[in-house]
Amino acid sequence: MRARRRAQAEAEGFVFHTRARFGFAAPAGSSDDPRVRRITQYLPGEVARELFAARDAGAGEQQQMVVLARALGHSYFRGGGRRAHGLHIAVIDVEFADFSIGWPPLRSGIGKVR
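Quick notes on the rules
Residues numbered from 1 in each chain as written. Predicted model: local features only at pLDDT ≥ 70, side-chain atom pairs only at ≥ 80, totals over all residues. Heavy atoms only, no water. Phe/Tyr/Trp six-rings, centres within 6.5 Å; stacked < 30°, edge-to-face > 60°. Helix = DSSP H or I, 4+ residues; strand = E, 2+ residues; numbered from the N terminus. Buried < 20%, exposed > 50% of the residue type's maximum accessible area, 1.4 Å probe, protein only. Pairing = 2+ DSSP bridges. Axes fitted to C-alpha atoms, helices over the stretch in contact; angles between N-to-C directions. Parallel < 35°, antiparallel > 145°, perpendicular 65-115°, else oblique. Left-handed = near helix turned anticlockwise from the far one by under 90°. Contact = heavy atoms within 4.5 Å. Nonpolar A, V, L, I, M, F, W, Y, C, P; charged D, E, K, R; others polar. Salt bridge = Lys/Arg side-chain N within 4 Å of Asp/Glu carboxyl O.

1. Thoughts on the packing of aromatic side chains
- Taken as a whole and judged by the stated rule, the model has 4 aromatic pairs.
- Between F16 and F99 the ring centres are 5.0 Å apart and the planes differ by 40°, which places this aromatic pair in the tilted class. Residue F16 is located in strand β1 (residues 14-25), and its partner F99 is located in strand β3 (residues 88-100); the two are separated by 83 residues in the primary sequence.
- Here the aromatic rings of Y76 and F77 are separated by 4.8 Å at their centres, their planes lie at 85°, and the arrangement is edge-to-face. The pair formed by Y76 and F77 is uniform in burial state, with each residue classed as buried.

Shown next, in the form of structure tokens:
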């Protein structure tokens with residue numbers, strides 16, 4: 001079962017749902033104050049592969065959060081590379097995190113702050 005779910009996540013991506021405090025490093029003139037956000041975001045299979053590879057190599061939770069922060073930075077905060085160039089994201093504090101596999105990536109509400 002685990003191998004099948006892993007293969008599905010790596011092939012189709014997954015939805016990451018979290019409430020966390022995010023820190024920002026932004027160009028001059030931008031606010032970089034940490035903010036709590038509740039985010040539900042589809043992340044592609046490449047991110048799942050990177051997370052599983054990190055876990056398999058013995059990476060701890062903090063290192064895996066770096067992978068997720070980078071992925072959220074690209075997909076959510078920078079709009080897939082369409083905006084906020086140069087913005088770097090750090091996950092400072094996680095209240096909860098949930099992963100869903102098998103959701104359609106274009107489901108209503110995915111990728112919006114709630």
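Resuming the write-up.
2. Regarding the sheet that holds β1
- Read across the sheet, 3 strands follow the order β2-β1-β3 without closing on themselves; strand pairing throughout is antiparallel. Each edge of the open sheet carries a strand with a single partner, namely β2 (35-43) and β3. Mean inter-strand twist for the sheet, computed between neighbouring axes without regard to direction, equals 30°.
- One ladder, built from 11 bridges, connects β1 with β3; its direction is antiparallel. When the bridges of β3 are listed, F24 appears paired with I89.

3. Let's talk about the packing of helix α2 (residues 45-56) against helix α3 (residues 61-77)
- Taken N-terminus to C-terminus, the directions of α2 and α3 make an angle of 165°; their axes are 9 Å apart at the nearest point. For the element pair α2 / α3, the angle class is roughly antiparallel. Between α2 and α3 lies a crossing whose hand is right-handed. For the pair α2 and α3, contact is made by V47, E50, L51, A54 and R55 and by Q64, V67, L68, R70 and A71, respectively.
- Each residue belonging to the contact of α2 with α3 can be placed in one class, and the counts come to 6 nonpolar, 1 polar and 3 charged.

4. A few points about the environment of R37
- One can find R37 in strand β2.
- According to the relative accessible area criterion, R37 is partly exposed, its value standing at 22%.

5. A short note on the pattern of salt bridges
- For the coordinates displayed, the defined rule picks out 6 salt bridges.
- The residue R6 makes a salt bridge to D56 at a minimum N-O spacing of 2.7 Å. With R6 in helix α1 (residues 2-12) and D56 in helix α2, the pair connects residues that are 50 residues apart, well separated along the chain.
- Given the relative accessible area of 23%, R6 is considered partly exposed.
- Look at D56 and you get partly exposed, because its relative accessible area is 46%.
- Its salt-bridge partner being E50, residue R70 comes within 2.4 Å of it at the nearest N-O pair. Of the two residues, R70 sits in helix α3 while E50 sits in helix α2, which places them 20 residues apart along the sequence.

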